[in-house]
Amino acid sequence: MNVSTEYFNIAIDVMNQIEATQSETIEKVSQMFADCIANDGLVYVYGSGHSRMGVEEMFPRYGSFAGFYPIVELSTSNYHSVVGPNGLSQAMFLENVEGFAKQIIRNFIVKPQDIFLLFSTSGNGNVVIDMGIEAKALGVPVVAITGVKNSGKAPSKHSSKQKLFDVADVVIDTCVPVGDSAIKIEGLKYTVDPI
């Protein structure tokens, strides 16, 4: 079997796992979001690093719904430079600075009818964990989309020892494999092809 076929098969298997295990939760969360927006609330959406892609899929784009509000913090997710100004090392450092989320949230007026939707495959970044903690301190529910198995394998970096799935009220599991990559290629130390 060639690598592309193997990747397609693994990706289809993950989608089937999501359908089999997460459909009920996805329906529940969809209703939470609909009720929030119908009550003049906003669904604040945040993810740092590559998890920002989930935010970009929510808004703004064709087919998206009004009521989702992206929190795009460029300092934790701007990968246009690997080195130099705004380079990768700064973003990777900042996404683990405890207390940074509190400063980000200060730029928004969060209401009791709002919800936070947080994306993190690892579920271990300090800023995304703090974002959930801060949202709950403001009295709003937190929904996490995370890789539960993947997150369970790595120790928490946060001083509270929590991970995103510990902080969230509702968790949608992305069912990604540990390491969020699918294919082992002979001669390479690490697996490749993120899901």
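What this report covers is the structure whose coordinates are included nearby. (Residues numbered from 1 in each chain as written. Predicted model: local features only at pLDDT ≥ 70, side-chain atom pairs only at ≥ 80, totals over all residues. Heavy atoms only, no water.)

Observations concerning the overall build of the chain
No. 1: Assigned secondary structure in the chain consists of 7 helices and 7 strands.
No. 2: The helix and strand sequence of the chain, counted from the amino end, reads α-β-α-β-α-α-β-α-β-α-α-β-β-β.
No. 3: Taking 195 residues into account, the globule formula puts the C-alpha radius of gyration at 16 Å, and the chain, at 17 Å, falls close to it.
No. 4: Across the 195 residues of the chain, 38% fall into the buried class. (Helix = DSSP H or I, 4+ residues; strand = E, 2+ residues; numbered from the N terminus. Rg over C-alpha atoms; globule rule 2.2 N^0.38 Å. Buried < 20%, exposed > 50% of the residue type's maximum accessible area, 1.4 Å probe, protein only.)

Here we look at helix 1 (residues 3–38)
No. 1: Compared with an ideal rise of 1.5 Å per residue, which puts 36 residues at 52 Å, helix 1 spans 46 Å between its outermost C-alpha atoms and falls more than 12% short.
No. 2: Of all the positions in helix 1, only Val14, Ile18, Gln22, Thr25, Val29, Phe33 and Cys36 are classed as buried.
No. 3: Where helix 1 is buried, its residues touch strand 1 (43–47), strand 2 (68–71), strand 3 (115–120), strand 4 (142–146) and strand 5 (170–173).
No. 4: Of the residues flanking the end of helix 1, it is Asp40, one or two places downstream, whose phi is positive at about 60 degrees. (Expected span 1.5 Å × (residues − 1). Contact = heavy atoms within 4.5 Å.)

A look at the pattern of salt bridges
No. 1: Per the counting criterion, the structure on display carries 3 salt bridges.
No. 2: Between Asp114 and Lys111 there is a salt bridge; the shortest N-O distance is 3.4 Å.
No. 3: Look at Asp114 and you get buried, because its relative accessible area is 0%.
No. 4: Residue Lys111 is classed as partly exposed on the basis of its relative accessible area of 24%.
No. 5: We note a salt bridge from Asp169 to Lys136, for which the minimum N-O separation is 3.1 Å. Linking Asp169 in the loop between helix 7 (164–167) and strand 5 with Lys136 in helix 5 (residues 126–137), this pair joins segments that are 33 residues apart in sequence.
No. 6: By relative accessible area, which is 42% here, Asp169 ends up partly exposed.
No. 7: Residue classification places Lys136 among the partly exposed positions, given a relative accessible area of 36%. (Salt bridge = Lys/Arg side-chain N within 4 Å of Asp/Glu carboxyl O.)

Some remarks on the pairing of strand 1
No. 1: The element strand 1 is extensively covered by neighbouring structure, given that 5 of its 5 residues are classed as buried.
No. 2: Here strand 1 shows two buried faces, one formed by Val43, Val45 and Gly47 and the other by Tyr44 and Tyr46.
No. 3: Looking at chain direction, strand 1 and strand 2 are connected through 4 bridges and run parallel. From the neighbouring strand, Val45 faces strand 2, where its bridge partner is Pro70.
No. 4: In the classification by handedness, the crossover that spans strand 1, the intervening helix 2 (residues 52–58) and the parallel strand 2 is right-handed.
No. 5: By the bridge criterion, 5 bridges tie strand 1 to strand 3 in an arrangement that is parallel. Directly across from Val45, in strand 3, lies its bridge partner Leu117. (Pairing = 2+ DSSP bridges. Right-handed = clockwise from strand over helix to strand, strands pointing away.)

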